[in-house]
Amino acid sequence: MGIEYAGMDKTRAENGVLVWDIKRSLHLSSDSAAQPCRPIIELGLSETTHSLDWLGPKSLICGINNKHLKIFDLRDDAVCYNGIPMGYPNRFCCADGTKHQSTASTKAVYEIAVDPMNENRWKMNISERFLLDSSQPQMVTLTEAKPIVKISWCPTRSNLLSCLTKDSSVIKLYDMKQVPTGPDEMEPAIMERTIEPLCGAICSSYSWHPTDESRLLAVSETNDITDYTVEDRITLNWSAGSHLVWTHGKKTLFSCSPAELPEAEDNIALQMHRRALLRYGLESPANNAKIVHDVPELTEKEKHPEQPGFRGILSLVEEGSPSHSAVPSDHFVVYVSQAREQASQLCGWGSQKDCSTLQSLLHRLQNKKQYTRAAALAVFNLDLRKAIAILNFGHDDHPDSHLNVTAMALAGYTPDKMSLWKEMCSSLKSQLTDPYIQSIFSFLTADTGAYDEILSNQHICIQDRIAFACLYLNDQKLLEYLRNLSSILIGQGNLEAILLTGLNGDGLSLLQQYLDLSGDVQTVSAVVLHTVPACQDPRPQAWVEHYRQLLDCWELWVLRCEFDILWWQGCPAQHPGQQVFVSCTFCGKSVSHYLKLVNPQRATPANSLGQHLLYQAALKNKVSCCPACRKPMPRCALCLGRMGTHSGLLWSRGHPPATTQTSDLDSKLTRVASWFTWCQTCRHGGHAQHLLDWFKVHSNCPVASCQCKCLSLDDQEIPSNISIEAISVIINWFHSRYQQVTSK
Amino acid sequence: MFVQLTLNADHKDLIHDVAYDFYGKRLATCSSDQTVKVWDMGEDGQWHNTASWKAHCGSVWKVTWGHPEFGQVLATCSFDRTAIVWEELVTDETNRDKSQWLKRTTLVDSRTSVTDIKFAPKHLGLQLAICSTDGSIRIYEAPDVMNLSQWSLLHEISCKISCSCMSWNPSRVHPPMIAVGSDDTTNAAGPKVLIYEFNENSRRWVKSETIPSVFDPVNDIAFAPNLGRSYHLLSVATKELRIFSIKQQRDLNAALQTTLPKLEIKGVAKLEEHSTQVWRVCWNITGTILASSGDDGTVKLWKANYRGVWKCISTLKGDPKLDKSLA
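My aim in this report is to walk through the structure given alongside it, one point at a time. Worth saying up front: this structure is predicted, and the values here are computed from it rather than measured. Every chain's residues receive numbers from 1 upward, in the order its sequence appears when written. As a convention, the first chain written is A and the first ligand written is 1, with the rest following in written order. Residues qualify for local features only when their pLDDT is at least 70, as the model is predicted, and side-chain atom pairs are given and counted only at 80 or more; totals for whole chains, interfaces and linings, by contrast, use all residues. Heavy atoms throughout the structure, all of them, feed into the side-chain values; hydrogens and water do not.

Here a helix means four or more residues in a row that DSSP labels H or I, a strand means two or more in a row labelled E, and each is numbered from the N terminus. If you tally the helices and strands in chain B, you get one helix and 25 strands. What the globule rule says is 2.2 Å times the number of residues to the power 0.38, and the radius of gyration is computed from C-alpha atoms. In terms of overall dimensions, chain B is globule-like: its C-alpha atoms have a radius of gyration of 20 Å, near the 20 Å expected for 327 residues. Viewed in the frame of its principal axes, chain B has a C-alpha envelope of about 60 × 55 × 40 Å. Contacts were defined at the residue level, with two residues in contact if any of their heavy atoms lie within 4.5 Å. Contacts in chain B between residues at least 24 apart in sequence constitute 45% of all its contacts with a sequence separation of at least 6. In short, Shrake-Rupley with a 1.4 Å probe defines the accessible areas, and a residue's cover is counted only from the protein chains shown. Accessible area for chain B stands at about 13300 Å²; split by element, carbon and sulfur atoms hold 50% of it.

Right, dumping it as C-alpha cells:
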C-alpha cells in the first residue's frame, strides 16, 4: 500500500495518529528534498495513542487514552467508531498493560494485533491478561502473570497468537480453536505452547516473518538478533514395511524407506521380511541355516530334531544312571555313561566307541578352515597325533598362521607333572590369542578335574564345552556345571542353550527369553514349526499366531499358506475341517459331500493299474448334475458348459497308487482352472480359469445383462505375485493331506 | 540421512495425524483445516492423492484405519465433538485415481472434543474406542461387520480426568486392555496414565492400574506390537519419553478368580534427549524400534540393546532439506 502510520503521545491540539503515504512522500522528496513530507491523514485530535494496527486495507484500530479502542475507516473520510462494530470481519487481540483492570471501559489498549488471516469467518477479541469486555460476545481473556510486551498473530498460520511478557525468555503461543455450532456456542479451546528462541536469554521483542512459515526474529536485551523457526508439532507413523513417515508443517510429508534407516542391518523387522522372502522356516533345516548364516544358533538346534521328545542334555544327565570312570590314557580320567554318550552325540562329538562321527566332524571343521577348533577337539579326545596333523595341514593352507609352531609345541607334550614343558606352557598359554589353542594347552597342563578355564571360556563353542564337560567332569560337577550354564544361557536368551534344555518347559522359556530380547518371532516360530507344532503350551501358539499376522501385513500370503500347511501337517489332530462347500441350488445338498459317499467298495481296486484306469474314467465322467436331485448344475457364464467337479470322487478312493501320486500330482485332481467360482454379490460365475481370463480385460460381470462390477468388489486387482499355479500347488497339497487324514 | 520421498500434502493448516493402513500401501492425513486426505501408493512408487474431503467442522485430531478384513474403513475424531466412520465406495475400476468416501456413521455421544480414536485389535471384532476431554472412553461395536452404519455403544468408562490419547493393547493372548493418557494440568500430583482391563466375568472395563511416576501432561501413548513377547511395552510421550513394560503375573488360578491378575509395571526407560515436550510416539511393526517426535523439531529413533537399555539410534530433522542446506 505504501501507507505508513504513526501513533503519538498526546500533545496539546495535535493529532495522535498520523498516516503517511510513503510512495507519494518518496516521490515528493525526490522532487524537492526541502519540502517536508506531510501526513495524508491526521486523526485522534488531542488523544494519546498507545497502540495501533491495520484492520483491513483501509482501516486502523487504535488503543487510545488508556480506555478506548477506536477504529478509523480511512475510505470514508476517517470515520471513527468507538468500540468495535458488530460483524466486523476480522479478529484482533489487544493487550492490557496495567496490572489492574478498571471496571468501566476496556483498558486493553497497549498492544493490538489484527489477525491477518482473512479466512476467519468470525471475530474474536482477545485481550491480554484475560481481559474480557462483556459487551462483546466471543471475547476471550487470557491472563498472564507478567505485563505483556508484545502480542501478535502469526501471519502464516491461522489462529495462532503469540505473546511475550516482560522479562521473560519464553514466547507463548496460543492455538485457538473454535467451532461455530450455532446457539450451542462452545468455549474456544486454546492450546498453549511455549518457545524459547534465545535459549534462555531474556527476549525483549520479536517479529514474525511475513511469508516464511513459522519463522520469526527475536531480539534479546543485549540486542542480539536470532532467526528462529518455530517447529511445528510433528506427527509420525510406521508402515508394515518399516517405512517411516512424518509431517512437517501443514504442507509436507516426508517418508523414509527402510534401507535408509540407520542400522538397517540391525533391524529385526527388515531381517525377518528379507528372510521370509527367502522362505526361511519353510525349508529343511539345512537350507534354513543357509538363509540365516548370521544366526548360527539355529543350525545347531535344528540339527537334532529327530531326538525323541526333544529332551535336552540337562534332563538326560539329570535322569541318567551314575557314570563309571574309565582311564583311557595314563593321565586323564574320563567318565562314561549312557546319558553322557547321548549328550556327546547331541553335541556332534559322536560316541566314544564309534570314532567315525568325530572323524567326520573334524573333517568338516577342516573344510571350514577351523583348524584350531578341530585340533582342540582332537586333543580333547586324546588324539594328539591327529591334532598335530590337523595343525600342520592348517599351516600348509595358511603359512602365516604359524600353526606349525603350535604343532611343534604340542608334539613336545609329556605327561610328566614336573616337566619343563608343562611349566613353560602354563606360563605362556595366557599369551595365546586363539581360544582353542589356549584351551589345548590348559587342558594338557591342568590338574585332573580342574578344567574351569576351558569350561568358562566364552569363546569356545557351547556344544564343545558341554561335550568336554560330559567327558571329564564327575557326576556332581557335571550336573552343577550344566545347570549353571543353562541358567546363564537362558538369561541371555542364547539359543545354543537349546542343547541343554531341549524343547520342553525350559526350552520354551529359553525361546521366550530370546524372543523378548530380539523380537525375532520368525525364528522361534520356525523352531516350533519344525519341532513341536502340536505343543499345547499357549506361548508357541501365540508366537506362531503373531508370525502369521506379520506375514499377512507383508502381503506374503503364499508363504503364509505354506507355513500353515506345514503347521497343520505337524498336528493333524487340529486339522481344520473343510470350510467351503458347493451345494446344489435346487436341493441344497453339498455336491462334493455326496460324491464322497459314493460306493466305497469301488475305491479299493485290486491293483494300481486298475485304480489308474478308474481314475481316468472318473476324469471323463464329469458330474454335470446334482447327484442328489439330478437337476443340472449351473453353466459357466463364459463357455456355457455345465460346471462339474470330480475332486470329491477322488477323495473317496483312498490313496492313488504311489506312481501317480508322485509323477502326476497335478492331474489326479480337478484342475483349479475348472473349479467353481462365483461372485458373492451377483452370484454369477463359472470356471475359475475362464473368469480369470475374462477379468484380465473386463471389470464387469460376464453375464450380459448384469452390471455387477465383480472384480472391483473384490477390492484389488489380482495380485501379480499369486499365479494360478501357485494356488493349485497349495490346493493340491491340501487334498493330498486330506487323503492321508481320511485314510488313517 | 536421505529422504526417499517428499510429499506435498497441501493441507491448509497443521497436519495432526498421519496413518498407514494395515499393509502400508495407503496413507491418511488429517489436519486443522477440517479435511482428511487419502493417499495411495502408485505403481510408480509415488503417493497419489486419491481422496480429499471436508470431514468435520473443527480440527480433525486423529485418523485411523480399520483392519482390511472389514473393508476400507477410516475413522476420524475431531474438535467438533464427533467421531465419524468412513467407508470407501467401490467405484469403477477405470477411475481408481479418485475414490469416494462415504460417511457411515457419526458418533455424537461426547459432549466435548474427541481427542483420540482407535480400532480395537482385530480379534475383538469391529470395535472402536474414542476418548474425549470430558474424561470418558466410549467403546462402540458394529455388530454386523457388513453394515458400518450401525454402531452400538458397548461401554462407557469414566476416567474422571481429561483424556488426550489412548492405545489398545494389541496382544490377543491377554484380556482386552486400554491405556489412556491425560493432558490434564489442573492436578499436578495426579497420575496421568491409566490402564483399563476388560473383566470377562463381570463383563465390564475396570481400572487395573495407574502408572506411577508420570505426573506431567501426556501427549501420546502407544502399546508396542506384542509379537509374542512375555511382556507388553508401553511408550508415553510427556515432558520426556518414557517406556514401561507391563507384565501380567502368571497365575494358575486365574480362571477361578473374579479379579484380573495383577499387572507388574516397570519403568524401562526415561529418555530426555528431546529436551522439550515429546509430542508423538510410534512403534515399528515388531515393537523393536520406537520413533518419537518432539517440540525440538526432530524425529528420534530408539532401540534397546541386548541388555534392555534404550538408546537413541538416529535423529532425523523435521525438515531434512534444511538439514542438508546447513551441511
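So that's the structure; there's more coming.
Further remarks concern the pairing of strand β11 (residues 127–132) of chain B. Residue and element names in this part refer to chain B. Burial classes: relative accessible area under 20% of the type maximum marks a residue as buried, over 50% as exposed, and values in between as partly exposed (1.4 Å probe, protein chains only). Among the six residues in β11, six count as buried, and that is most of the element. Here β11 shows a buried face lined by Q127, A129 and C131 and a second buried face lined by L128, I130 and S132. Two strands are counted as paired when DSSP detects at least two bridges linking them. Sheet analysis places strand β10 (residues 114–119) next to β11, joined by five bridges and oriented antiparallel. The partner of K118 across the bridge, within β11, is A129. The sheet contact formed by β11 and strand β12 (residues 136–141) spans five bridges and is antiparallel. Within β12, the position partnered with C131 by the bridge is I137. Remark: three residues form the turn of the hairpin made by β11 and β12, two consecutive strands paired antiparallel; G135 in that turn has positive phi of roughly 85 degrees.

Further remarks concern the pattern of salt bridges. It is possible for side chains bearing opposite charge to pair when their charged atoms get close. Salt bridges are defined by distance alone: a side-chain nitrogen of Lys or Arg within 4 Å of a carboxyl oxygen of Asp or Glu. All told, the structure shown has 25 salt bridges over all chains when counted by the stated rule. Linking B:K239 and B:D216 is a salt bridge whose minimum nitrogen-to-oxygen distance equals 3.5 Å. Taken together, the residues B:K239 in the loop between β19 (232–237) and β20 (241–248) and B:D216 in the loop between β17 (204–210) and β18 (220–223) connect sequence positions 23 residues apart. On the basis of relative accessible area, B:K239 is assigned to the partly exposed category, the value being 44%. In the salt-bridge network here, residues are joined through shared partners; they are A:E545, A:R548, A:D552, A:R560, A:D564 and B:R172.

So, on to helix α25 (residues 688–697) of chain A. All names here are of chain A. Within α25, the full set of buried residues consists of A688, L691 and F695. Buried residues of α25, seen end-on, are gathered within an arc of 65 degrees and therefore sit on one face of the element. The exposed set on the far side of α25, more than 90 degrees from its buried face, consists of K696 and V697. Each direction from the helix axis to a C-beta atom contributes to the arc, which is the arc of those directions.

Turning next to the environment of B:F215. All names here are of chain B. Tracing the sequence through the fold places F215 in the loop between β17 and β18. On the basis of relative accessibility, which here comes to 37%, the residue F215 falls in the partly exposed class. Separated by 31 residues in the primary sequence, F215 and D184 place their C-alpha atoms 9.4 Å from one another. Non-local contacts of F215, meaning those with residues more than four positions away in its chain, are made with A188, A189, G190, P191 and K192.

Quick look at the environment of A:C199 now. Looking at where A:C199 falls in the secondary structure, it is placed in the loop between β15 (189–195) and β16 (203–208). The spatial distance from the C-alpha of A:C199 to the C-alpha of A:S169 is 7.7 Å, given a sequence separation of 30 residues.

Contact residues are listed per partner, giving 81 residues for chain B and 74 residues for chain A. Once two parts are brought into contact, the accessible area they lose, counted with a 1.4 Å probe and summed over both, makes up the buried area. Summed over both sides, the interface between chain B and chain A buries roughly 6800 Å², with carbon and sulfur atoms accounting for 61% of that surface. Counting across the interface, chain B meets chain A through three salt bridges. With a closest N to O distance of 3.0 Å, B:D295 and A:R233 form a salt bridge. Think of a polar contact as two N or O atoms within 3.5 Å of one another; within protein, one of them needs to be a possible hydrogen donor and the other a possible acceptor, and neighboring residues in sequence only count if both atoms come from side chains. Counting the contacts that link chain B with chain A gives twelve residue pairs in polar contact (both at pLDDT 80 or more). Residue assignment for the side of chain B that touches chain A shows that the elements contributing at least two residues are β1 (5–8), β2 (15–20), β3 (26–31), β22 (278–283), β23 (289–294), β24 (298–304), β25 (310–317) and α1 (320–326) of chain B. With six residues, β2(B) is the single largest residue contributor to the side of chain B that touches chain A. Under the grouping applied here, Gly and all other residues not named as nonpolar or charged are polar, the nonpolar ones being Ala, Val, Leu, Ile, Met, Phe, Trp, Tyr, Cys and Pro and the charged ones Asp, Glu, Lys and Arg. Taken together, the residues that form the side of chain B that touches chain A break down as 35 nonpolar, 25 polar and 21 charged.

This part takes up the nonpolar core. Nonpolar cores were defined as sets of buried Ala, Val, Leu, Ile, Met, Phe, Trp, Tyr and Cys residues, with membership established by side-chain atoms within 4.5 Å. Among the nonpolar cores identified, the biggest contains 95 residues, and A:I313, A:F443 and A:I466 are the most heavily contacted of them. Excluding residues within four positions of it along the chain, A:F443 makes contact with A:F332, A:V379, A:F380, A:L382, A:Y451, A:I454, A:F468 and A:Y472. Listed in part, the 19 residues of the second largest apolar core include B:W61, B:F70, B:L148 and B:W151.

Okay, the packing of helix α14 (residues 462–472) of chain A against helix α15 (residues 475–492) of chain A next. For any two helices packed against each other, the geometry comes down to the angle between their axes and how far apart the axes lie. Residue and element names in this part refer to chain A. Contact pair α14 / α15: the axes reach a minimum separation of 10 Å and the direction vectors enclose 165 degrees. Relative to α15, α14 is oriented roughly antiparallel. When the axes of α14 and α15 are compared, the crossing they make is left-handed. Facing I462, R465, I466, A469 and C470 of α14, the residues of α15 in contact are L478, Y481, L482, L485 and L489. The residue inventory of the contact of α14 with α15, partitioned by class, reads nine nonpolar, no polar and one charged. Axis lines are fitted through C-alpha atoms, for helices just across the contact stretch, and the angle between N-to-C directions can take any value from 0 to 180 degrees. If an angle is under 35 degrees, it is roughly parallel; if it is over 145, roughly antiparallel; if it lies from 65 to 115, roughly perpendicular; otherwise it is oblique. Whether a crossing is left-handed or right-handed is set by the direction in which the near helix is turned from the far one by less than a right angle, anticlockwise for left-handed and clockwise for right-handed.

Bringing the sheet that holds β25(B) into the picture now. All names here are of chain B. Strand order across the open sheet formed by four strands is β22-β23-β24-β25, with antiparallel pairing between neighbours. Either end of the sheet is taken by a strand with one partner, and the two such strands are β22 and β25. Put simply, the sheet's adjacent strands are angled 25 degrees from each other on average, direction ignored.

Purely geometric stuff here, so don't read any function into it on its own.
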